[in-house]
Structures are given as structure tokens and as C-alpha cells.
Amino acid sequence: MGIRVGIDTGGTFTDLVAVDIDVGRWSISKVPSSPDEPVKAVDTVLAAADLNPAEIDFIVIGTTIGINAVLTRSGSRVLFLTTQGFEDIPFIQRISRKSHYDFTWEKPTPLVHRPDCIGVAERLDEEGNAIVELTDAELDRVAAVLEATDGGGFALAVCYLFSYLNPEHELATRQRLSRRFPGVPISLSHEVAPIWREYERGTSAIVDAYLKPLFENYVDSLSEAFDRAGIVASWSLLKSNGGHAVAREAHARSSHLLLSGIAGGVIGGASYARKTERPQAIMLDMGGTSCDVCLIVDGEPLYSSDYEIEYGLPVSVPSVSTKTIGAGGGSIGWIDPGGFLQVGPESAGAAPRARLLRAGW
């Protein structure tokens, strides 16, 4: 059967566990992560494990680079294309409040800036029929707006009304804009989260675009790292629901990897609960950047189709049901403008001295 390898890349440490199925021998190695070059830590931890590449037959990798990028707001710039007149949806959000009587509570900050929300003249009705056709001339106008965008280096998220019933307009948008902007990642809401309600579908598409350049680079770098190490075994990334995603799916559905590293801890915690005959348990996984909590019921983790990055900022993808806060073992304490002590979400990570110097300490 050969050696099966599991690697968990966190913001602070990268861990490897390998088992030789034929003889039952386990190998463990641990190295500091390299947040600026996540794959470098994978190279290092594989070298530290001193495994024979020819004997490795499978590798699965869990990573927190997605959730860490969201918590620390360090993902890609996103340009959001939506049905004209609905550009403010990511900012209006829902009318619900986290605390009804807390007048100081503020809505979560979206992962897109308001000037980057662009209305497109198109419209479908509630049955998916076109009320306003999407024309080539309109897409050329949108392309001109994108070309005039300052800064460059963006990803596109597209969410049109009722596109989950009829994706024709979203598909036409990708087809035309991908020719005008080759290499620019494009996330379509009907592919990321084919659900009703434009807010949840829109935020899911935004998160997908926000993370897509990061994961595309990560997946490509992993492939190169395994080639350098002489590893020809199949490999995959752990998905938010505990399943596996091959490289192609990781490129196409980056939002489904948001809780990759968290899912690994949950699946491991559930397995431990079953083996110790304690099927009702609470799994707590604290890393350097975040802390995650999940209930284990009857030996299985709880699952959800909605995950809230912050209260009111949902991502509609299948995932383990966890609560995550941006405070971990390496979280940096700081004083806000009002003089109150705050902790996180910025983390000292694997290189605390360098991170603190950059922060001006």
C-alpha cells in the first residue's frame, strides 16, 4: 500500500504525519510555517520527515491560508459585477443585528470596496426568463470600466439576480471578459453557491474571488514542490466539509477550501472521540492566528451549508459547523483609537520578530 501522508499548514507551524500501511510505522515532523511562502514549509517538513518519495502513494494537505487571509483581510482585490441597481447589496446586508440593544455594534466590513461594485445592465425574472438581455455592447462597456480601474491585480466576482435558475448571463460574462482579461480569475455565483438570495450568493462569490489568486498560486507551487522532491503520488487538499479536492477543483472552487485546516482538526477530533468511546465532545483547535470550536455529536462533527466569517457575513458552502474567532496563540495585542485593549486578528505568526517590526513595535 505504501506511505500515506497528511500535512497541516497553519499560520505558525506546519505538521506532518505519515503512516506506512504495510508495517504500521508512524512518522511525525513539525517545522515553523512560512506565511509569506506557504509551500516552503511543506518542502521543509517533507525533508524533516526523511521519507522515501518512491514509497509515498498519497498526500492530503490541510491549510489555513484561506481563513487566515479572510480574518486578516489579506486576500486579493475583488471587482464585483452585479445586476444594475443592486451594487449596494454587500453593504446593506441583512437587517438582523448581533445584539438588538447594542448601539455601538457595526456591520462587518465586506471583502469588496464600494467603488469596486459595478452594475451591469441585465435582468432575469424569478423564473429565470430574461427581462433585460445582456448584450455584447454592455459587456464591452463593463470591460472598459475594468480597464480604467486603478491598481490592477484584481479578481472578478459575478452575481446576477436569479442566475441560479438561468446561468446564461453569468456564463456569457465570463466568456467575453476572460478573452479581454486573460489570466484574471473569475468566480460565478451560480457555480460557487447555486442558491436563492442574492446576498448570500454574492458574498460567497466574493469570498471565492478573494481567495482564488491565493489558492491558484498555492496549488501550482505545491505541484512544483512535489516534482522537486521526486514525489509522483496523487495528492489533494482537504475541503471545508472534510472531503478532498484535487488541484483542478481547488482552482475552480477556492471558497470550498476556506476551512481546510479547520476541517482537519474537526475530523481528527471526531475520530479521537469515537476511539475513546466519548461520542459527545467539544473539539477546540487553537492555532497561532485563530481558535476554532466544533461540537461532536454521536461521534460525528456537525455540518452546515452556511459559515459566517463574522456575524452577518455568510459563505454558503458545505463545511464543518465551527465557530472561529480571530484570536490564537500568536495574536498581537494592540490599543485602538478609543484606548481599549484589542487582541488580533493580526498574528505574530511563525516569524514574530519580523511581524512586530513591520507593525512598528
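Residues numbered from 1 in each chain as written. Predicted model: local features only at pLDDT ≥ 70, side-chain atom pairs only at ≥ 80, totals over all residues. Heavy atoms only, no water.

The subject of this paragraph is the side chain of Thr64. You can see Thr64 is positioned in the loop between β4 (56-63) and α2 (65-71). Setting aside residues no more than four positions away along its own chain, Thr64 makes contact with Thr9, Gly10, Gly11 and Gly261. (Helix = DSSP H or I, 4+ residues; strand = E, 2+ residues; numbered from the N terminus. Contact = heavy atoms within 4.5 Å.)

Moving on, we come to the environment of Trp196. Its location among the elements puts Trp196 in the loop between α6 (189-192) and α7 (198-228). Residues Trp196 and Leu165, 31 residues apart in the sequence, show an inter-C-alpha distance of 8.7 Å.

Each aromatic ring pair is summarised here by two numbers: the centre-to-centre distance and the angle between the ring planes. Summed over all chains, the structure comprises five aromatic pairs. Here Phe215 and Tyr218 contribute two aromatic rings whose centre-to-centre distance is 6.5 Å and whose plane-to-plane angle is 80 degrees, an arrangement assigned as edge-to-face. Of this pair, Phe215 and Tyr218 both sit in helix α7, three residues apart, which is roughly one turn of that helix. With respect to burial, Phe215 and Tyr218 carry one shared label: buried. (Phe/Tyr/Trp six-rings, centres within 6.5 Å; stacked < 30°, edge-to-face > 60°. Buried < 20%, exposed > 50% of the residue type's maximum accessible area, 1.4 Å probe, protein only.)

One non-glycine residue with positive phi stands out, namely Gln93, at about 60 degrees. Here Gln93 shows up in the loop between α3 (89-92) and β6 (117-120).

Next up on the list: the pattern of salt bridges. Going through the model one piece at a time under the given rule, you end up with 16 salt bridges. The shortest N-O distance in the salt bridge between Glu200 and Arg94 comes to 2.7 Å. Taken together, the residues span a long stretch of sequence, with Glu200 in helix α7 and Arg94 in the loop between α3 and β6 at a distance of 106 residues. Among the residues examined, Arg94 registers a relative accessible area of 35% and is labelled partly exposed. Across the pair Glu147 and Arg180 runs a salt bridge, and its minimum N-O distance is 3.0 Å. Residue Glu147 is located in helix α4 (residues 136-147), and its partner Arg180 is located in helix α5 (residues 168-180); the two are separated by 33 residues in the primary sequence. One network of salt bridges, in which partners are shared, links Asp136, Asp140, Glu147, Arg176 and Arg180. (Salt bridge = Lys/Arg side-chain N within 4 Å of Asp/Glu carboxyl O.)

This paragraph deals with α5. For α5, with 13 residues, the first-to-last C-alpha span of 19 Å sits near the 18 Å given by 1.5 Å per residue. His169, Glu170, Thr173 and Leu177 are the residues of α5 that are buried. Projected onto a plane normal to the axis of α5, the buried residues spread over an arc of 95 degrees and lie on a single side. Facing away from the buried side of α5 by over 90 degrees, the exposed positions are Gln175 and Arg179. (Expected span 1.5 Å × (residues − 1). Arc of directions from axis to C-beta.)

One can describe the packing of helix α1 (residues 38-49) onto α7 by two numbers: an axis separation of 9 Å at closest approach and a directional angle of 25 degrees. Accordingly, the angle class assigned to the pair α1 and α7 is roughly parallel. Once α1 is placed against α7, the crossing between them reads as right-handed. Of the residues in α7, those in contact with Pro38, Val39, Val42, Asp43 and Leu46 of α1 are Tyr218, Ser221, Leu222, Ala225, Phe226 and Arg228. Its residues placed into classes, the contact of α1 with α7 shows eight nonpolar, one polar and two charged. (Axes fitted to C-alpha atoms, helices over the stretch in contact; angles between N-to-C directions. Parallel < 35°, antiparallel > 145°, perpendicular 65-115°, else oblique. Left-handed = near helix turned anticlockwise from the far one by under 90°. Nonpolar A, V, L, I, M, F, W, Y, C, P; charged D, E, K, R; others polar.)

So yeah, pure geometry; function would need other evidence.
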